[in-house]
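Structural characterization, general
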Amino acid sequence: MPEIHVYKANRLLRFIDCGQTVFSCPIGLGPCPAGAKRAEGDGKTPEGEYRVCTRNSRSKYTLFLGLSYPSSADARAAFARGEISAKQLDAILQAHAAGCRPPWDTPLGGEIGIHGGGVRQGGGLADNTAGCIALLDDDIRWLWALAPLGTQVVIHP
């Protein structure tokens, strides 16, 4: 199965199929990209393993591939820190078990995705999202054609 790998430190996205990079492009992130996302509004882009769980062709950001953030691991860690309730943890875990989009309205934040609308700044893209992964519009169109629902997404530090 194809995978998307996001390398935050290098500001790079790679679409990999059968072990080969089929497509790569520069990315923009949130304004505080170092470290894993822990809360809504922290300006961080998550780190870990996710999947494409929604596709929005009418996004104000050209196209939007919604990610399954928060993951089960994100939710368990947040619960252990006392940041979400047992009810919220259960809702997130149930959504993942059912292969559905997890709740995006918890203190962990949500609506994290890969989208267009990226803005060039210097030699790369500006870090001006709320935690999403921004691509240039031509690049999101390529990725959109390659990444169906369920595509694995690995976000590296």
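Everything in this summary refers to the structure shown in the same document. Here the structure is a predicted model, which means the values were calculated and not measured.

**Re unusual backbone geometry**
- Here the amide bond leading from tyrosine 69 into proline 70 is cis, since omega sits at 0°, within 30 degrees of zero.
- With respect to the element layout, proline 70 can be found in the loop between strand S5 (64-67) and helix H1 (72-80).
- Phi angles above zero are rare outside glycine, and cysteine 18 is one such case at about 55°.
- Residue position: cysteine 18 is located in the loop between strand S2 (12-17) and strand S3 (20-26).
- Here the phi dihedral of threonine 62 falls at roughly 75°; this positive angle occurs in a residue that is not glycine.
- Take threonine 62: it is sitting in the loop between strand S4 (48-56) and S5.

**Quick word on the packing of H1 against helix H2 (residues 86-98)**
- Direction vectors running N to C along H1 and H2 enclose 170°, while the axes themselves pass 9 Å from each other. As the angle between them shows, H1 and H2 are arranged roughly antiparallel. Judged by residue contacts, Ser72, Ala75, Arg76 and Phe79 of H1 engage Ala86, Leu89, Ile92, Leu93 and His96 from H2.
- Its residues assigned to classes, the contact of H1 with H2 comprises six nonpolar, two polar and one charged.

**Quick notes on the environment of glycine 123**
- Relative to the helices and strands, glycine 123 is located in the loop between strand S7 (120-121) and strand S8 (124-125).
- When the C-alpha atoms of glycine 123 and proline 26 are compared, they prove to be 9.6 Å apart, with 97 residues separating the residues in sequence.

**So, H2**
- For H2, with 13 residues, the first-to-last C-alpha span of 18 Å sits near the 18 Å given by 1.5 Å per residue.
- All buried positions along H2 are accounted for by Leu89, Ile92, Ala95 and His96. End-on, the buried residues of H2 take up no more than an arc of 130°, which puts them together on one face. Among the exposed residues of H2, those oriented more than 90 degrees off its buried face are Lys87, Ala97 and Ala98.
- In this structure, the buried residues of H2 make contact with S4 and H1.

**Side note on the pattern of salt bridges**
- One pass over the full model with this rule turns up six salt bridges.
- The residue aspartate 127 makes a salt bridge to arginine 11 at a minimum N-O spacing of 2.7 Å. With aspartate 127 in the loop between S8 and strand S9 (133-134) and arginine 11 in the loop between strand S1 (3-7) and S2, this pair connects stretches of sequence that are 116 residues apart.
- Judged by its relative accessible area of 27%, aspartate 127 falls in the partly exposed class.
- Overall, the relative accessible area of 27% leaves arginine 11 in the partly exposed class.
- Here lysine 37 makes a salt bridge to aspartate 42, at a shortest N to O gap of 2.9 Å.
- With relative accessibility at 6%, the residue lysine 37 sits in the buried group.
- Salt bridges here are not isolated pairs; linked through shared partners, they connect Arg38, Arg81 and Glu83.

Reading the values: rules and limits
- Residues numbered from 1 in each chain as written.
- Predicted model: local features only at pLDDT ≥ 70, side-chain atom pairs only at ≥ 80, totals over all residues.
- Heavy atoms only, no water.
- Helix = DSSP H or I, 4+ residues; strand = E, 2+ residues; numbered from the N terminus.
- Axes fitted to C-alpha atoms, helices over the stretch in contact; angles between N-to-C directions.
- Parallel < 35°, antiparallel > 145°, perpendicular 65-115°, else oblique.
- Contact = heavy atoms within 4.5 Å.
- Nonpolar A, V, L, I, M, F, W, Y, C, P; charged D, E, K, R; others polar.
- Expected span 1.5 Å × (residues − 1).
- Buried < 20%, exposed > 50% of the residue type's maximum accessible area, 1.4 Å probe, protein only.
- Arc of directions from axis to C-beta.
- Salt bridge = Lys/Arg side-chain N within 4 Å of Asp/Glu carboxyl O.

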